[in-house]
Every structure is written in structure tokens, then in C-alpha cells.
Amino acid sequence: PIPCVPWQSQTSGQYQRRVHGADFFTAISTFLGSPEDKSSQCYAQAWLLTWGTIAASLWTGVAAFTIHMVYLRRLATVHQYRKYYHAIIWPLSILYSILPATTNSYGQSGAWCWIMGNHPTRA
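Now for a quick tour of the structure.

Parameters and conventions
Counting starts from 1 at the beginning of each chain's written sequence and moves along it residue by residue. Reporting in this predicted model follows two pLDDT cut-offs: at least 70 for local features of residues, and 80 or more for side-chain atom pairs to be given and counted; totals over whole chains, interfaces and linings ignore these cut-offs and use all residues. For the side-chain quantities, the full set of heavy atoms in the structure was used; hydrogens and water were omitted. Each helix is a run of DSSP H or I of at least 4 residues and each strand a run of E of at least 2, with the numbering of both proceeding from the N terminus. What a helix should span is 1.5 Å times the count of its residues minus one. Under the scheme applied here, a residue whose accessible area is under 20% of the maximum for its type counts as buried, over 50% as exposed, and between as partly exposed, the area being computed with a 1.4 Å probe on protein chains only. Working note: the arc is built from the helix axis to C-beta atom directions. Patches were defined on residues exceeding 30% relative accessible area and lacking a salt bridge, with like-charge contacts within 9 Å and nonpolar side-chain contacts (Val, Leu, Ile, Met, Phe, Trp, Tyr) within 5 Å. In this description, accessible areas are obtained by the Shrake-Rupley approach with a 1.4 Å probe, and a residue is regarded as covered only by the protein chains that are shown. Every case where a carboxyl oxygen of Asp or Glu lies within 4 Å of a side-chain nitrogen of Lys or Arg is listed as a salt bridge. Criterion for a disulfide: a pair of cysteine sulfur atoms at a distance within 2.5 Å. The criterion is simple. A nonpolar core is a set of buried Ala, Val, Leu, Ile, Met, Phe, Trp, Tyr and Cys residues joined through side-chain atoms within 4.5 Å. Contacts are assigned to residue pairs with any non-hydrogen atoms lying within 4.5 Å of each other. For this analysis, a polar contact is any N or O atom pair within 3.5 Å, provided that within protein one partner can donate a hydrogen and the other can accept it, and provided that sequence-adjacent residues contribute only side-chain to side-chain pairs. Classification of ring pairs rests on two measures: the distance between centres of Phe, Tyr or Trp rings, Trp counted by its six-membered ring, which must be within 6.5 Å, and the angle between planes, read as stacked under 30 degrees, edge-to-face over 60 and tilted in between. Cation placement over rings: the criterion is NZ of Lys or CZ of Arg within 6 Å of the ring centroid and within 35° of the ring normal.

## A look at helix H3 (residues 82-102)
Look at H3: 30 Å from first C-alpha to last across 21 residues, which is about the 30 Å you get at 1.5 Å a residue. Burial in H3 covers these residues: Tyr85, Ile89, Ser93, Ser97 and Pro100. Taken around the axis of H3, the buried residues stretch over an arc of 65°, which confines them to a single face. Turned more than 90 degrees from where H3 packs its buried face, Lys83, Ala87 and Thr102 sit exposed. Asn104 sits one or two positions beyond H3 and adopts a positive phi of about 55°.

Set out below in C-alpha cells:
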């Protein structure tokens, strides 16, 4: 039988809220339209888009890991790792969002600002 522990619905709801929260910032970035290349609005859009996407992906991975540990490994104590998830996911999301800015890689990439593609010019 599948273990049923009282915190399961709370835990899955918490992970879902974190994914939705990160996706909210991704959605905000789309409301900035198509800002001018290299403008502060362009950098804000690119950073929000990158940060939100990375954070949502990592929280989705945590949810999958939790499901794996509870249902396949029958480990009912995965909630004790929540502080580690926060300590890893938020700093990684910020770090990976800042890295493209340090190399001046954020800019127009089509309909929005994000990491620019490397398109060699033709002579």
C-alpha cells in the first residue's frame, strides 16, 4: 500500500505554490513587452525570465524527487529536507540568472529580451 502521511498534501501544495510563484515572475517578464535592446527594462525582463524559469524547473525537480522518495522508496521523512531545498534552489536560481549579465549576454533575442544568440555576421 501507498503510505499516507498527514503532511503529504501540505508538502505537495507547498512545492506547487513555489513553482507557481516562480512562474508568476516569468509571466511578469512577458508583460514588459519587447523593450529596447540593452535598456534597463530589457535587462529586467531577461533576468526575470531566466530566474523564474530556472526556479520553477528546480522546484519541479524537487516535487518529482519527493514523489519518488515517498511512493517508490517509502520514505516518509522527506519534509525534513525542505530547508536544504530552499538553501540550494534560491541561490542557484539567482546565480544562474546573474551569470549572463556578467558576460553582457542579455539583450534582444527575438520578441523579448533574454540571452542573445551568437549569430556570426556574413561578409
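## Focus on a nonpolar patch on the surface
A cluster of nonpolar residues, Ile67, Tyr71 and Leu72, forms a patch on the protein surface that exposes about 320 Å² of accessible area. Relative to the elements of secondary structure, Ile67 occurs in helix H2 (residues 40-72).

## Observations concerning the state of the cysteines
Across all of its chains, the model carries one disulfide by this definition. In this model, Cys42 is linked to Cys113 through a disulfide, with the two sulfur atoms separated by 2.0 Å. Judged by the sign of its S-S torsion, about -115°, the bond between Cys42 and Cys113 is left-handed. Remark: Cys113 occurs in strand S2 (residues 113-115) and Cys42 occurs in helix H2; sequence separation between them is 71 residues.

## A word on the nonpolar core
Membership of the largest hydrophobic core is limited to ten residues, which are Tyr15, Val19, Ala22, Trp51, Ala55, Ala56, Trp59, Val62, Tyr85 and Ile89. Contributing elements (two or more residues each) for this core: helix H1 (8-30), H2 and H3. The greatest single-element share of this core, amounting to five residues, is contributed by H2. If we skip the residues at most four places from it in the chain, Val62 touches Tyr15, Tyr85 and Ile89.

## A look at the side chain of Thr50
Within the element layout of this structure, Thr50 appears in helix H2. Thr50 gets classed as buried once you look at its relative accessible area, which sits at 5%. Looking at Thr50, its side chain comes within polar contact range of the side chain of Trp114, at 2.9 Å.

## Things to note about the packing of aromatic side chains
Counting across every chain of the model gives five aromatic pairs. Between the aromatic rings of Phe25 and Trp51, the centroid separation amounts to 5.3 Å while the plane-to-plane angle is 85°, which identifies the pairing as edge-to-face. Note that Phe25 is positioned in helix H1 and Trp51 in helix H2, a separation of 26 residues in sequence. For Trp51, a relative accessible area of 11% gives the class buried. Positioned above the aromatic ring of Trp59, the side-chain terminus of Arg18 is 5.5 Å from the ring centre.

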